[in-house]
Amino acid sequence: MARGVREGISRRIAGVGLAAAAGLGAAPAGPRRIVSLNPCLDALLVHLADRRQITGISRLSRDPQASTIAEVAATLPVTGDTAEEVLLLRPDLVLASTHTAAATRRALQGLGVEVAAFGAPATVPESLAQVRTLAARVGRPSRGEALCARIEGALSAAATPGRRRPEILVLLSGGLAAGPGSLPDDLLRRLGIVNAATRLGLSGWTPAPLEVLIASPPEVLVRASGGGGADRPDRLTRHAALDRLGGRTLAAEIPERLLFCGGPSLIEAARRLAAIRDQALERRP
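Residues numbered from 1 in each chain as written. Predicted model: local features only at pLDDT ≥ 70, side-chain atom pairs only at ≥ 80, totals over all residues. Heavy atoms only, no water.

K.L.:
Sorry if this is basic, but what is going on with the state of the cysteines here?
P.N.:
What makes a disulfide is a covalent bond joining the sulfur atoms belonging to two cysteines. Summed over all chains, the structure comprises 1 disulfide. The partner cysteine of Cys40 in its disulfide is Cys261, sulfur to sulfur 2.0 Å. On the S-S bond that ties Cys40 to Cys261, the torsion sits near -70 degrees, and the link is left-handed. Linking Cys40 in helix 2 (residues 39-48) with Cys261 in the loop between strand 11 (250-255) and helix 12 (265-283), this pair joins segments that are 221 residues apart in sequence. Residue Cys40 is classed as partly exposed on the basis of its relative accessible area of 22%. (Disulfide = S-S within 2.5 Å. Helix = DSSP H or I, 4+ residues; strand = E, 2+ residues; numbered from the N terminus. Buried < 20%, exposed > 50% of the residue type's maximum accessible area, 1.4 Å probe, protein only.)

Printed below as a string of structure tokens:
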């Protein structure tokens, strides 16, 4: 372990001991130094916390292809997800994903740092609950309620009761389809859209076989843009065979960064998917 890291950990341990010995008075309204280790939680934190409360966010949030807050993230300090890096920021609250390394979470908790772990919401209600929970943890519950009201208002405005429900398949880079059990599936249903993944027997985030898409194409194929990378190459999503579906399938795109996190990204995702739905209805009333 590098000397600077050891010194940082030593200072953290000393600080915890001094705080306990001093018997500090009433706690402030929310934590003062918050570090987030997950890009979805980064976005929530930016919307809910005071700027002065944010001590660090994940590096991925600076990538405009992957993040909905890239411009804001460029003005904030970033960190890796090791306990050593996080401790150097002297946080009093760390926001982590349930996928964050368990060893990192245990190390932070062992040194007296509060760690709040959040899962990935699979439905709109789960996402709204996450907004409210995180808002309470950072001491800003009224902002959580305001954000939830904005999300619910956007979904209500985008709904089209009484109209035909077009069939849409959302395909991420690497060929993963958003099936039942995923957040986009719940969003599609609320917007009056039939998820083609159900008919194709796909659930959760499942690879969609190219031959199935060609043999039984959806009414609308929404391909996510801006994703991919070395770990999920975009060969299937951009396969020439899908471009040749022609008149059978309407082709559309949506930024992939809108499909994973929920929270504030639901607002723009609903707007974009509703526009695609309306395009399908104009094409085939």
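Moving on from the coordinates now.
K.L.:
Sorry, what's going on with the pattern of salt bridges here?
P.N.:
Counted by the stated rule, this structure contains 14 salt bridges. The shortest N-O distance in the salt bridge between Asp186 and Arg189 comes to 2.4 Å. Of this pair, Asp186 and Arg189 both sit in helix 8 (residues 183-190), 3 residues apart, which is roughly one turn of the helix. A residue is classified by how much of its surface remains accessible, and Asp186, at 6% relative accessible area, is buried. Arg271 is the partner of Glu268 in a salt bridge, and the nearest nitrogen-oxygen pair spans 2.5 Å. Taken as a pair, Glu268 and Arg271 lie in helix 12 at a separation of 3 residues, close to a single helical turn. Using a relative accessible area of 25% as the deciding quantity, one classes Glu268 as partly exposed. When salt bridges with common partners are traced through the structure, they connect Asp50, Arg52, Arg140 and Arg143 into a single cluster. (Salt bridge = Lys/Arg side-chain N within 4 Å of Asp/Glu carboxyl O.)

K.L.:
How do you make sense of the layout of surface pockets when you look at a structure like this?
P.N.:
One water molecule sets the probe size; rolling that probe over the atoms shows where empty space is left. Here the largest pocket is characterised by a volume of approximately 860 Å³. Forming the walls of the largest pocket are 40 residues, and the residues nearest its centre are Asn38, Pro39, Cys40, Phe260 and Cys261. Put simply, the parts of the chain that give the lining of the largest pocket at least two residues each are helix 2 and helix 8. Looking at the lining of the largest pocket element by element, the count peaks at 4 residues for helix 2. In terms of residue class, the lining of the largest pocket is made up of 18 nonpolar, 16 polar and 6 charged. (1 Å grid on protein atoms, 1.4 Å probe; cavity = no way out; pocket = protein on both sides within 12 Å on 5 of 7 lines; lining within 4 Å. Points joined across faces, edges and corners; volume = space filled by probe spheres on them. Nonpolar A, V, L, I, M, F, W, Y, C, P; charged D, E, K, R; others polar.)

K.L.:
What's the story with the sheet that holds strand 5 (residues 114-118) in this structure? I'm lost.
P.N.:
Picture the strands of a sheet paired through backbone hydrogen bonds; they go either parallel or antiparallel. Read across the open sheet, the 5 strands follow the order 3-2-1-4-5; overall the sheet is parallel. Bordering the open sheet on either side are strand 3 (78-79) and strand 5, each of which pairs with just one other strand. By the bridge criterion, 2 bridges tie strand 2 (residues 54-58) to strand 3 in an arrangement that is parallel. Note on strand 3: the bridge partner recorded for Ser58 is Thr79. In the packing of helix 2 onto the sheet, the strands contacted are strand 1 (34-36), strand 2, strand 4 (93-97) and strand 5, and the crossing angle to strand 2 comes to about 150 degrees. The strands touched by helix 5 (residues 102-110) within the sheet are strand 4 and strand 5, with strand 5 carrying the most contacts at an inclination of about 150 degrees. (Pairing = 2+ DSSP bridges. Contact = heavy atoms within 4.5 Å. Axes fitted to C-alpha atoms, helices over the stretch in contact; angles between N-to-C directions.)

K.L.:
Is there a simple way to explain unusual backbone geometry in this structure?
P.N.:
It is generally the case that most residues other than glycine have a negative phi and that most peptide bonds are trans. Of note in the backbone geometry, Arg90 takes a positive phi value of approximately 55 degrees without being a glycine. Its location among the elements puts Arg90 in the loop between helix 4 (83-87) and strand 4.

K.L.:
Explain empty space enclosed by the protein here, please?
P.N.:
Under the defined criterion, the tally for this structure stands at 1 cavity of 30 Å³ or more. For the lining of the largest cavity, the elements supplying multiple residues, two or more each, are helix 8 and helix 12. Among the residues forming the lining of the largest cavity, the class breakdown is 9 nonpolar, 2 polar and no charged.

K.L.:
What am I meant to see in the pairing of strand 6 (residues 167-171) here?
P.N.:
Each regular strand shows side chains that alternate between the opposite faces of the sheet. Here strand 6 lies mainly inside the structure; 5 of its 5 residues are buried. Of the strand pairs in this sheet, strand 6 and strand 8 (residues 194-195) are connected by 2 bridges, and their pairing is parallel. When the sheet's bridge partners are listed, Ile168 is paired in strand 8 with Asn195. Examined bridge by bridge, strand 6 and strand 10 (residues 220-225) share 4 bridges and lie parallel to one another.

K.L.:
Is there a simple way to explain the side chain of Glu167 in this structure?
P.N.:
Checked against the element boundaries, Glu167 lands in strand 6. For Glu167, a relative accessible area of 16% translates into the label buried. At 2.7 Å, the side chain of Glu167 forms a polar contact with the side chain of Arg199. The contacts of Glu167, once residues within four sequence positions are left out, are Val194, Ala196, Arg199, Pro217, Pro218, Glu219 and Val220. (Polar contact = N/O pair within 3.5 Å; in protein donor to acceptor, adjacent residues only side chain to side chain.)

K.L.:
Can you help me understand helix 2 in this one?
P.N.:
Structurally, the α-helix is built with 3.6 residues per turn, so residues lying three or four positions apart point the same way. Among all positions in helix 2, only Leu41, Asp42, Ala43, Leu44, Leu45 and Leu48 are buried. Among the structural elements, strand 1, strand 2, strand 4, strand 5, helix 6 (124-137) and helix 7 (141-158) are those in contact with the buried residues of helix 2. The distance from a side-chain oxygen at the start of helix 2 to the backbone nitrogen of Cys40 is 2.9 Å, and the residue carrying that oxygen is Asn38.

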